[in-house]
Protein chains: 2
Amino acid sequence: MTALPPRRRGRPARTEAGAGPGARERILEAARAEFAARGYDKASIRGIAKAAGVDPALVHHYFGTKEQVFGAAIEVSFEPAMNVPDVLLAGTDEVGERLARTFFGIWENPATRAQLVAVLRSALTNDVAAAVFRGFVLRRLLERVAGELNVPDPKFRAELAASQMVGVAMLRYVVKVEPLATADIEDIIALVAPTLQRYLTEQ
Amino acid sequence: MTALPPRRRGRPARTEAGAGPGARERILEAARAEFAARGYDKASIRGIAKAAGVDPALVHHYFGTKEQVFGAAIEVSFEPAMNVPDVLLAGTDEVGERLARTFFGIWENPATRAQLVAVLRSALTNDVAAAVFRGFVLRRLLERVAGELNVPDPKFRAELAASQMVGVAMLRYVVKVEPLATADIEDIIALVAPTLQRYLTEQ
């Protein structure tokens, strides 16, 4: 992947196959679909390029290595989660319930869910993908959440809250254990919200 | 895998390569290592047989299909977890803390941890492995736990407790987010135990 022919480096030529308006977005969409369908290990720049109808060199040009393409795909997949820290800005009264509603709202949407399952699966099975996921989730999400908390060791608390939400997501949406997989989401929120509230506010 | 030559069916011949005392245990050990190293998708009966120093037909003879070999490997990996239900038999006073100590005691042991990580990774990335895992964990572990609970919807409650423990395990031992990955296990137990206590006992 690093041994590209020299002519493919630099700005894409006007004649580069598939270059043109919307190419970047098409590649990103194809990357998300490829990582979702095949996981990090099996996904390839070539496959992503083919699905986007562009030359593999154009994928490299816009995003760099496979690791960097994965990073960009994660970023898009987590966009809906990016307003999670805003939940905390509204104060700590019932922050557990608001956080649970925001988190499970994202997961209950089948389109968003498919992308998140793909990211989680890749992060859990490939060390490079795990490092990208860690860097992104830590830097962009958990640190912002922790910055709003007024508890001892706020990053640790933010991670414990994340662990409860990720655990439910794994068993409900990925492994699909019953009755959790088909339980009313309100029943889950009713029990999980006080857990999050305690982690995020208890002194 | 199902098209074995007829001579390989039935009891293994005395001349079957690798047959003999301890062959079953060697195969099981090799299967656990193979699933741990390669995951369910990439693991093969042939690879397991080679590592155990036996003929692939002997693996089929003792365990059946790859799915069944995986089931047997899960069973051995979860043996230490099988006394988790006993934690509940001692009553519900501080059951949250006792359960957390039992669960994290198993995970803090590097040998047991490697096997559990392997099982989880396989279950999260392969639907057949997920079904085996679900069947085993549901039938053997969570139903026994639920049977000891005196709460509304005990299976749901047992799964919520499991989700909190699995979530911490994923972020601490698999994805390794900091500070959770290197936090003192006592600090984790102190915050997680009341969560488990509430899920398992609150009316």
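Note that the structure is predicted; figures quoted are calculated from it, not measured.

Cut-off values and rules
Residues numbered from 1 in each chain as written. Chains lettered and ligands numbered in written order. Predicted model: local features only at pLDDT ≥ 70, side-chain atom pairs only at ≥ 80, totals over all residues. Heavy atoms only, no water. Helix = DSSP H or I, 4+ residues; strand = E, 2+ residues; numbered from the N terminus. Buried < 20%, exposed > 50% of the residue type's maximum accessible area, 1.4 Å probe, protein only. Areas by Shrake-Rupley, 256 points an atom, 1.4 Å probe, with all protein chains shown as cover. Lys, Arg positive; Asp, Glu negative; His and termini not counted. Charge placed at Lys NZ, Arg CZ, Asp CG, Glu CD. 1 Å grid on protein atoms, 1.4 Å probe; cavity = no way out; pocket = protein on both sides within 12 Å on 5 of 7 lines; lining within 4 Å. Points joined across faces, edges and corners; volume = space filled by probe spheres on them. Phe/Tyr/Trp six-rings, centres within 6.5 Å; stacked < 30°, edge-to-face > 60°. Lys NZ or Arg CZ within 6 Å of the ring centre and 35° of its normal. UniProt positions renumbered as here; feature names shortened; annotations may be inferred. Domains from an automatic or database assignment. Contact = heavy atoms within 4.5 Å. Salt bridge = Lys/Arg side-chain N within 4 Å of Asp/Glu carboxyl O. Polar contact = N/O pair within 3.5 Å; in protein donor to acceptor, adjacent residues only side chain to side chain. Nonpolar A, V, L, I, M, F, W, Y, C, P; charged D, E, K, R; others polar.

A.B. asks: When you look at the overall build of chain A in this model, what are you seeing that I'm missing?
C.D. replies: The helix and strand tally for chain A stands at 10 helices and 0 strands. Traced from its N-terminal end to its C-terminal end, chain A shows the element sequence α-α-α-α-α-α-α-α-α-α. Dimensions along the principal axes, computed over C-alpha positions, put chain A at roughly 60 × 35 × 30 Å. For chain A, the proportion of its 203 residues judged to be buried stands at 53%. Of the roughly 9200 Å² of accessible surface on chain A, a fraction of 52% belongs to carbon and sulfur atoms. Charge separation in chain A, taken as the distance between the mean sites of 26 positive and 24 negative side-chain charges, equals 11 Å.

A.B. asks: Even after reading the chapter, I still don't get the layout of surface pockets, so can you show me in this structure?
C.D. replies: A water-sized probe, rolled over the atoms, reveals where empty space remains. Reported here for the largest pocket is a volume of approximately 540 Å³. If you go around the largest pocket, you meet 27 residues; those closest to its centre are A:Asp41, A:Lys42, A:Thr125, B:Asp41 and B:Thr125. For the lining of the largest pocket, the secondary-structure elements that each account for two or more residues are helix H1 (23–42) and helix H7 (110–125) of chain A together with helix H1 (23–42) and helix H7 (110–125) of chain B.

A.B. asks: Would you take a moment to explain the packing of aromatic side chains for this structure?
C.D. replies: Any aromatic ring pair is given by two values, namely how distant the centres are and how the planes are angled relative to each other. Applying the stated criterion across every chain, the model contains 14 aromatic pairs over all chains. For the pair B:Phe103 and B:Phe104, a centre-to-centre distance of 5.1 Å together with 85° between the ring planes defines the contact as edge-to-face. Exposure remark for B:Phe103: the relative accessible area of 15% places this residue in the buried category. Put simply, the rings of A:Phe103, A:Phe104, A:Trp107 and A:Tyr173 pair up and form one aromatic cluster. Taking the ring centre of A:Tyr40 as reference, the NZ or CZ of A:Lys66 above it sits at 4.8 Å.

A.B. asks: Please clarify how the UniProt feature "DNA-binding region" (unreviewed entry) in chain A should be interpreted in this entry.
C.D. replies: Mapped onto this numbering, the UniProt entry gives "DNA-binding region" (unreviewed entry) at residues 44–63 of chain A. In the segment residues 44–63 of chain A, helix accounts for 80% and strand for 0%; the C-alpha atoms at its two ends are 13 Å apart.

A.B. asks: I'm lost on the domain arrangement of chain A in this one. Help?
C.D. replies: A common way to express how large an interface is: the accessible area buried when the components associate. All names here are of chain A. As assigned here, chain A comprises domain 1 (6–64) and domain 2 (78–201). On a C-alpha basis, the centres of domain 1 and domain 2 stand 30 Å from each other. With 6 residues of domain 1 at the interface, the matching set in domain 2 holds 7 residues. Where domain 1 meets domain 2, there are 0 salt bridges. The interface formed by domain 1 and domain 2 includes 2 residue pairs in polar contact (both at pLDDT 80 or more). Broken down by class, the residue content of the side of domain 1 that touches domain 2 amounts to 3 nonpolar, 1 polar and 2 charged.

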